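# Inside the fold
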Amino acid sequence: MSSLSDRRVRFDTASLLAAGVILCVVVALATTAFLPDRYVFNTPSLAIQFGFLAILGVRYSLGFAHNMAGDIALGIVSVTSAWLLIAVAHSYPGDATTGFWALVVALWLSFWLFVERLAAWSLPNPTLARLVNLAIPVLFGATFLILWELGVTGAGVPRVLLPAPSEIWIRLTTSVPTLWADFQQTFLKAVLIGYAIGCGSAFVVAILVDRVPFLRRGLLPIGNLVSALPIIGVAPIMVMWFGFDWPSKAAVVIIMTFFPMLVNTVSGLAETDAMQRDLMRTYASNYWQTLFKLRLPMAMPFIFNALKINSTLALIGAIVAEFFGTPIVGMGFRISTEVGRMNVDMVWAEIAVAALAGSLFYGFVALLERAVTFWHPSMRAKM
Amino acid sequence: MINTALASPRSTNPFAGLMSGTTGPVIVVVCAILAIWYISAVILNTPFQKEMYERANRGDVPVSQLVTDTLAQERPVLPAPHQVAQEIWKTTVEKKVTSKRSLVYHTGITLSSTLLGFLIGTTLGILLAVGIVHSRVLDKSMMPWVISSQTIPILAIAPMIIVVLNAVGISGLLPKAMISTYLSFFPVTVGMVKGLRSPEVIHMDLMHTYSATRWQTFWKLRLPYAVPYLFTSMKIGMAASLVGAIVGELPTGAVAGLGARLLAGSYYGQTVQIWSALLMAAFLAGALVALIGVMEKVVLKKMGMAQ
């Protein structure tokens, strides 16, 4: 397979990227970086740093540095250049011209090149290989943040439109008490309680439904339909019924998480095949023994699938329900009021907290899944 | 599962045929839901109705009178199904389509941003999937972010996106459609990556023995294999897209659209209006998903892949 594709003419992405880096650095050194007339040479450290980058680029396109040491050097130089460039950009906000943007593109290409090289590494040590596999998406995210920071400060985008990541970070660290209160109200009360009740009751109902085949045939198509509906719309009704505080949000979360869990659990319980059930019958096991020893373990991948879907649905439900009325605390409340007051950095800080909470919640459920369904083929393949 | 296997195949009950399929049970369950709805409407609306009687100094009201009154309140806690049906009939058939009170008008606005967002999202999702399948770097660096992008409660950003884009001068359809895009690209990307990778090794080898280029392999083998996956994920994407459009309408200050109807209804306590908008959204979701289902059947039949 590889010999066939190798013989065909294919452009080498790495050398192409390296050529791009060189070109951009040359352009940057030749043109003004900041208005009115500031060249890259006026900041010697920056010029030297990007000089290094260009030299490394030349080595790449000539094919010298195609080894790990060269790759690591490239990574270190790229990171330090990014650091310097951000520092310089902050001293001339909004005055960036061609030279600066050429440097930004050079930086982006060099990060891309680094990731490209990193993905091509073949490490014998599995722990190291896993670390590198983890580092690649992290680098991608970091590149995104760096480009965001450079773009916003360089072009002088007003803070009302899009704040730089550094500003969001400052806001995040200075308003911890507010964020913690919102987090408590929305996540610890509404989301967790709603999630537990919704998933738990759906699980119990699923087992009841499973005992009555008539109900299973009748409820499953309806459950499938309801899973596709915009259930979030019940939020105003729940706010009307249960008041402004967290119980109404928990109610929305319960309704949103109920149907995915019901449908998945019921179809998971139907997952066993005739041979396995016959085996249980030859063991003379009763309904409950079959349920706990065979059918529930077989249903676990489905149940965890629902739990993972629900972990994100629950957070969305609670936040959107707060748009319809809430006491003066909560993530959804903070987002909608701070947007109105044009405090966009506070909104982003809140979103960062929500994203972190959502990811951690999801990650926790995924870890639990790995521990419970370690026997499943999809888990074995990943290990 | 166990019980169906043991069920006796011959039965003298004439309804057995109907009840053994899915139609019978579904009808029964729907009737049960309607019955529960009516009963809870009576129960939930009773306290307010009793208060009304007390104010009017009417001590002895027969139960039948109480029940009919609870089902005909103007702003009930839970409107009865027939009230919602009447409201939907009144606002769809009896109002002009261009009128701002017409539910068809609001549904059309939501539908247009849903479809626009869905189209952009599906295109983006397919392109991303093609990139991820063909590039190792994209696979390693993008895929984790595609997945974690959905753990971010993106609907929380919805008001922001709309306000920010409004400030830049972009308003109307596109900001709402962008939220729909964000929600609908994910299922399509994940499904298409799975689909494009679904050809078996033996088929890929066959393409190699034909000396097929990457482009030919993609066009003649990978893409046809991915079509069933595409339709499945498009159904999920469409439902997500509608949710995005509805939530996107909330922060615009309740101007137009089903989301705006929900918000206006909750401001003024018009429960019947909320429920009718909610049911309309449900119909819309069902119709859109069914439409994709029909398209799936037609396309798969033409491709000779239908079972």
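Residues numbered from 1 in each chain as written. Chains lettered and ligands numbered in written order. Predicted model: local features only at pLDDT ≥ 70, side-chain atom pairs only at ≥ 80, totals over all residues.

### Details of the overall build of chain B
The number of helices and strands found in chain B is 13 helices and zero strands. Starting at the N terminus, the α and β elements of chain B follow one another as α-α-α-α-α-α-α-α-α-α-α-α-α. Within chain B, the fraction of its 307 residues that count as buried is 36%. Of the contacts made within chain B by residues no fewer than 6 positions apart, 75% connect residues no fewer than 24 positions apart. (Helix = DSSP H or I, 4+ residues; strand = E, 2+ residues; numbered from the N terminus. Buried ≥ 20, exposed ≤ 12 C-beta atoms within 10 Å, placed from the backbone. Contact = placed C-beta atoms within 7 Å.)

### Details of the overall build of chain A
A tally of helices and strands in chain A yields 16 helices and two strands. Here chain A has a C-alpha radius of gyration of 28 Å; the compact-globule value for 383 residues is 21 Å, and the former is much larger. When its C-alpha atoms are laid out on the principal axes, chain A stretches across 80 × 60 × 30 Å. Across the 383 residues in chain A, those meeting the buried criterion constitute 42%. Counting only contacts in chain A whose residues sit at least 6 apart along the sequence, the fraction spanning at least 24 positions is 79%. (Rg over C-alpha atoms; globule rule 2.2 N^0.38 Å.)

### A few points about the domain arrangement of chain B
When the domains of chain B are assigned, the result is domain 1 (16-52 + 61-78) and domain 2 (103-302). Its C-alpha centre places domain 1 of chain B at a distance of 36 Å from the equivalent point of domain 2 of chain B. (Domains from an automatic or database assignment.)

### Some points on unusual backbone geometry
Notably, Ala284 of chain A is not glycine yet its phi reads approximately 60 degrees, a positive angle. Looking at the element boundaries, Ala284 of chain A is found in the loop between α12 (274-282) and α13 (287-322). Of the residues examined, Ala284 of chain A has 7 C-beta atoms within 10 Å and is grouped as exposed. Look at Ser211 of chain B: it is not a glycine, yet its phi comes out positive at around 60 degrees.

### Focus on helix α7 (residues 136-149) of chain B
Across its 14 residues, α7 of chain B extends 20 Å between first and last C-alpha, which sits within 8% of the 20 Å expected from 1.5 Å per residue. A bend of about 35 degrees at Met142 of chain B is the largest found in α7 of chain B, and the proline Pro144 of chain B appears one to four places after it. What α7 of chain B keeps buried is the set Val137, Lys140 and Ser141 of chain B. For α7 of chain B, the secondary structure elements touched by its buried residues are α5 (98-120) and α6 (126-155) of chain A. (Expected span 1.5 Å × (residues − 1). Bend = angle between axes of the 7 residues up to and from the residue.)

### A short note on the interface of chain B and chain A
Facing 50 residues of chain B, the contacting portion of chain A comprises 53 residues. If you list the elements that add at least two residues to the side of chain B that touches chain A, you get α1 (2-6), α3 (23-55), α7, α8 (158-168), α11 (214-249), α12 (258-268) and α13 (271-302) of chain B.

### Quick look at the environment of Leu17 of chain A
Residues and elements named next belong to chain A. Within the element layout of this structure, Leu17 appears in helix α2 (residues 13-30). By the C-beta count within 10 Å, which is 23 here, Leu17 ends up buried. Excluding anything up to four places from it in sequence, Leu17 contacts Leu109, Trp112, Leu113 and Glu116.

### Quick notes on the packing of α13 of chain A against helix α14 (residues 331-340) of chain A
Residue and element names in this part refer to chain A. Put simply, α13 and α14 touch, their axes get as near as 7 Å, and they point 50 degrees apart. In terms of their interaxial angle, α13 and α14 are classed as oblique. In the crossing of α13 with α14, the sense of the turn from one axis to the other is right-handed. The segment α13 lies against α14, with Ile319, Val320, Ala321 and Glu322 engaging Met331, Gly332 and Phe333. Taken together, the residues of the contact of α13 with α14 break down into five nonpolar, one polar and one charged. (Axes fitted to C-alpha atoms, helices over the stretch in contact; angles between N-to-C directions. Parallel < 35°, antiparallel > 145°, perpendicular 65-115°, else oblique. Left-handed = near helix turned anticlockwise from the far one by under 90°. Nonpolar A, V, L, I, M, F, W, Y, C, P; charged D, E, K, R; others polar.)

### With respect to the packing of helix α8 (residues 176-211) of chain A against α14 of chain A
Residues and elements named next belong to chain A. At a closest axis distance of 7 Å, the pairing of α8 and α14 adopts a crossing angle of 125 degrees. The angle between α8 and α14 places the two elements in the oblique class. Here α8 contributes Asp182, Phe183 and Thr186 to the contact with α14, which in turn contributes Met331, Gly332 and Arg334. Counted by class, the contact of α8 with α14 contains two nonpolar, two polar and two charged residues.

### Observations concerning the domain arrangement of chain A
Under the domain assignment used here, chain A contains domain 1 (10-157) and domain 2 (172-382). The C-alpha centroid of domain 2 of chain A is placed 42 Å from the C-alpha centroid of domain 1 of chain A.

### Let's talk about the nonpolar core
By size, the foremost hydrophobic cluster in this structure holds 117 residues, and its most contacted members are Ala235, Val252, Val253 and Ala318 of chain A together with Met192, Leu242 and Ala281 of chain B. If we ignore the near neighbours within four places in the chain, the residues touching Leu242 of chain B are Pro230 of chain A together with Thr114, Ala281, Leu284, Ala285 and Leu288 of chain B. Counting 41 residues, the second largest nonpolar core, distinct from the first, contains Leu53, Leu56, Leu107 and Leu113 of chain A. (Core = buried A, V, L, I, M, F, W, Y, C linked by C-beta atoms within 7 Å.)

### Observations regarding helix α4 (residues 68-91) of chain A
All names here are of chain A. If you check α4, its first and last C-alpha atoms are 35 Å apart, about what 24 residues at 1.5 Å a residue would give, namely 34 Å. Among the residues making up α4, those that are buried are Asp71, Leu74, Val77, Ser78, Ser81, Ala82, Leu85, Val88 and Ala89. Packed against the buried residues of α4 are α3 (44-62), α5 and α6.

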